[in-house]
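Structure assessment
Residue strings, one per chain:
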Amino acid sequence: MLSEKMLKALNEQLNRELYSAYLYFAIAAYFEDMNLEGFANWMKAQAEEELGHALRFYNYIYDRNGRVELKAVKEPPKEWESPLAAFEAAYEHEQFISKCINELAALAEEEKDYSTRAFLEWFINEQVEEEASVKKIVDKLKFAKDSPQVLFMLDQELGQRQPQLPGLLLQSGG
């Protein structure tokens, strides 16, 4: 059974994951307005992945006889000054989520909640990949500067990303 402190922290993270999806859908909409369909596709796939993360937390809370408490999801920004600024915002957000996951793991250890600590191991590893994938795009956009040709090529590359939600849903069972 989850302690009240752990349950509250897990619910907060569930809501952070939902905000992450909102943020990435907002960035996708920004790219759609710029006719950068590949960039938008990448962000929509990222948003779907975040929904899968939220579902993992949702299921875990119930698997441990907890109660999910959904809070209002704050409105994400709508505009960024450039594709680079949008991806930098995504990178900063992923760093924040990594910090939150690490704090949850520390709390689980403090509470001697080894089941929750084991559950969080997947997220700890996932955040390494999350940060690295966004950072690579940030670096490419910095290299591209204002080159329309490089931006076009990167848009084509990012359009190749496939949505992950169906696979994540299959993995989400407690």
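One structure accompanies this document, and this report is about it. (Residues numbered from 1 in each chain as written. Predicted model: local features only at pLDDT ≥ 70, side-chain atom pairs only at ≥ 80, totals over all residues. Heavy atoms only, no water.)

A word on the packing of aromatic side chains
Taken as a whole, this structure holds twelve aromatic pairs when the rule is applied. Ring centres of phenylalanine 31 and phenylalanine 39 lie 4.9 Å apart, and the angle between their planes is 45°; this geometry places the pair in the tilted category. Judged by centre distance (5.4 Å) and plane angle (55°), the rings of tryptophan 42 and phenylalanine 87 are tilted. Taken together, the residues span a long stretch of sequence, with tryptophan 42 in helix α2 (residues 37–63) and phenylalanine 87 in helix α3 (residues 83–110) at a distance of 45 residues. An aromatic cluster is defined as three or more aromatic residues linked by ring pairs; in this entry it consists of Tyr30, Phe31, Phe39, Trp42, Trp80 and Phe87. We note lysine 74 situated over the ring of tyrosine 19; from NZ or CZ to the ring centre the distance is 5.0 Å. (Phe/Tyr/Trp six-rings, centres within 6.5 Å; stacked < 30°, edge-to-face > 60°. Helix = DSSP H or I, 4+ residues; strand = E, 2+ residues; numbered from the N terminus. Lys NZ or Arg CZ within 6 Å of the ring centre and 35° of its normal.)

Structural notes on the packing of α2 against α3
Orientation of α2 relative to α3, taken along the N-to-C sense of each, is 15°, at an axis distance of 13 Å. The angle between the axes of α2 and α3 places the two elements in the roughly parallel class. Judged by the twist between their axes, the crossing of α2 over α3 is left-handed. Each of Phe39, Trp42, Met43, Gln46, Glu50 and Phe57 in α2 lies in contact with α3, whose residues at this interface are Pro83, Phe87, Ala90, Glu94, Ile101 and Leu104. (Axes fitted to C-alpha atoms, helices over the stretch in contact; angles between N-to-C directions. Parallel < 35°, antiparallel > 145°, perpendicular 65-115°, else oblique. Left-handed = near helix turned anticlockwise from the far one by under 90°. Contact = heavy atoms within 4.5 Å.)

Some remarks on the nonpolar core
If you look at the biggest cluster of nonpolar residues, it comprises 26 residues, and the most contacted ones within it are Ile27, Phe31, Phe39, Met43, Trp80 and Phe87. Going through the elements one at a time, α1 (4–33), α2, α3, α4 (114–144) and α5 (148–158) are the ones with two or more residues in this core. Here this core takes eight residues from α1, the largest share from any one element. Apart from the residues within four sequence positions on either side, phenylalanine 31 is in contact with Leu36, Phe39, Ala40, Met43, Pro83, Ala86 and Phe87. The next biggest cluster of nonpolar side chains, apart from the first, holds 21 residues, and it includes Leu7, Phe57, Phe119 and Ile124. (Core = buried A, V, L, I, M, F, W, Y, C linked by side-chain atoms within 4.5 Å. Buried < 20%, exposed > 50% of the residue type's maximum accessible area, 1.4 Å probe, protein only.)

Honestly, that's just the spatial picture; any functional story needs more than this.
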